[in-house]
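# Understanding the architecture of this molecule
Here's the letter readout for the chains.
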Amino acid sequence: MSAVAERLAGVRGVVAVALGGSRTRGTHRPDSDWDLGVYYRGGLDVPALAGLAEDLTGAPVEVAGPGGWGPWVNGGAWLTLDGVAVDWILRDLDRVESVWAGCLDGRYEVGTQPGHPLGFWSPAYPGEVALGRVLADPQRELTVLQDATRRYPEPLRAALIAASWEAEFSVEVARKSAGSGDTLHGALCLSRAFGILTQSLHAHDRRWLLNEKGALASAAALPAAPPDFARRVSNALTGLGTDAVGAVGAATALVGEVRAALG
């Protein structure tokens, strides 16, 4: 994949390429996707990216330019090379650096983004840099940023721990749904609450959390997580369909335990 990264780095506007996803964590399977973060600045030559994709695959490939996939995931392409899926994911390095500056001050955003049902949490940008493997970086711009992001910002940690108040609020809102039989609203409220708790737990342990996939299992393994955290979350969510009042009560207890452990 290094050869592909080097060719990507030769496209006008691209400044660095990094490997992300399960292949950087060592949790991948032989058929797992290769996730390549394509970091660019300014005007990006999207037609050149499409030409490179066609050259690599032997067939036309649709490349979504900046904004084509939404405000946060931005754009990219899905390729198949030697029978394996390779995803190009565009990242505006100027914006990543701006988000990182906010994280250093304890500021973050949660934006609407397709594929992220609990919203895209902006600290994922520096988190991707911190956890990725730089494959091509001619000017060492991404490498310098990676060195900085490997130290989790204490102001961001404090802000994301404090965000756990919303989990408690969401469960209280779900309590009203439980009494009226509104399963959809209750499920959305509890999912939001538990999603926030995973963010707070990761921040408490100074760990970057990139998205919702695998977040529950990852959070359950952290020191501050209550015993049986993942199982209890799952039981509360599935229990909405049979005993909504009991499910909300269980969620209330769980949120209280997490907030107490966070301090």
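Residues numbered from 1 in each chain as written. Predicted model: local features only at pLDDT ≥ 70, side-chain atom pairs only at ≥ 80, totals over all residues. Heavy atoms only, no water.

### Quick look at the packing of helix α5 (residues 124-131) against helix α6 (residues 141-149)
- Running from N to C, α5 and α6 cross one another at 100°; their axes reach a closest spacing of 8 Å. Comparing the axis directions of α5 and α6 gives the class roughly perpendicular. Between α5 and α6, the contacting residues are P126, V129 and A130 on the first element and L142, L145, Q146 and T149 on the second.
- Here the contact of α5 with α6 is composed, by residue class, of five nonpolar, two polar and no charged. (Axes fitted to C-alpha atoms, helices over the stretch in contact; angles between N-to-C directions. Helix = DSSP H or I, 4+ residues; strand = E, 2+ residues; numbered from the N terminus. Parallel < 35°, antiparallel > 145°, perpendicular 65-115°, else oblique. Contact = heavy atoms within 4.5 Å. Nonpolar A, V, L, I, M, F, W, Y, C, P; charged D, E, K, R; others polar.)

### Section: helix α7 (residues 154-162)
- Every buried residue belonging to α7 is among L156, R157, A159, L160 and I161, and all of these are buried.
- Considering only its buried residues, α7 is in contact with α4 (93-104), β6 (116-121), α9 (183-204) and α12 (244-262). (Buried < 20%, exposed > 50% of the residue type's maximum accessible area, 1.4 Å probe, protein only.)

### A closer look at the pattern of salt bridges
- Within this structure, the stated rule accounts for 15 salt bridges.
- A salt bridge links E141 to R41, with the nearest nitrogen and oxygen atoms 2.7 Å apart. With E141 in helix α6 and R41 in the loop between β2 (34-40) and α3 (46-57), this residue pair connects regions lying 100 residues apart in the sequence.
- Here E141 falls in the partly exposed class, since its relative accessible area comes to 27%.
- A cluster of three or more residues bridged by salt bridges with shared partners is formed by R41, D94, E97 and E141. (Salt bridge = Lys/Arg side-chain N within 4 Å of Asp/Glu carboxyl O.)

### Re the pairing of strand β1 (residues 14-20)
- By the criterion of burial, β1 is predominantly enclosed, with seven of the seven residues buried.
- As paired strands, β1 and β2 are joined by six bridges and run antiparallel to one another. Across the sheet, residue A18 finds its bridge partner in β2, namely G37. (Pairing = 2+ DSSP bridges.)

### Things to note about the pairing of β2
- With six of seven residues buried, β2 lies mostly within the body of the structure.
- When β2 meets strand β4 (residues 84-92), the two strands line up parallel, connected through seven bridges. Bridging across to β4, Y40 finds its partner in D92.

### A short note on helix α11 (residues 229-239)
- Those residues of α11 that sit buried are F229, V233, A236 and G239. Buried residues in α11, looked at end-on, bunch into an arc of 140°, giving them a common side.
- Along its buried surface, α11 packs onto α9, α10 (215-220) and α12. (Arc of directions from axis to C-beta.)

### So, the nonpolar core
- Of all hydrophobic cores here, the largest spans 52 residues; its most connected members are Y39, F194, L201 and F229.
- By size, the runner-up hydrophobic cluster in this structure holds 26 residues, among which are L8, V11, A53 and L79. (Core = buried A, V, L, I, M, F, W, Y, C linked by side-chain atoms within 4.5 Å.)

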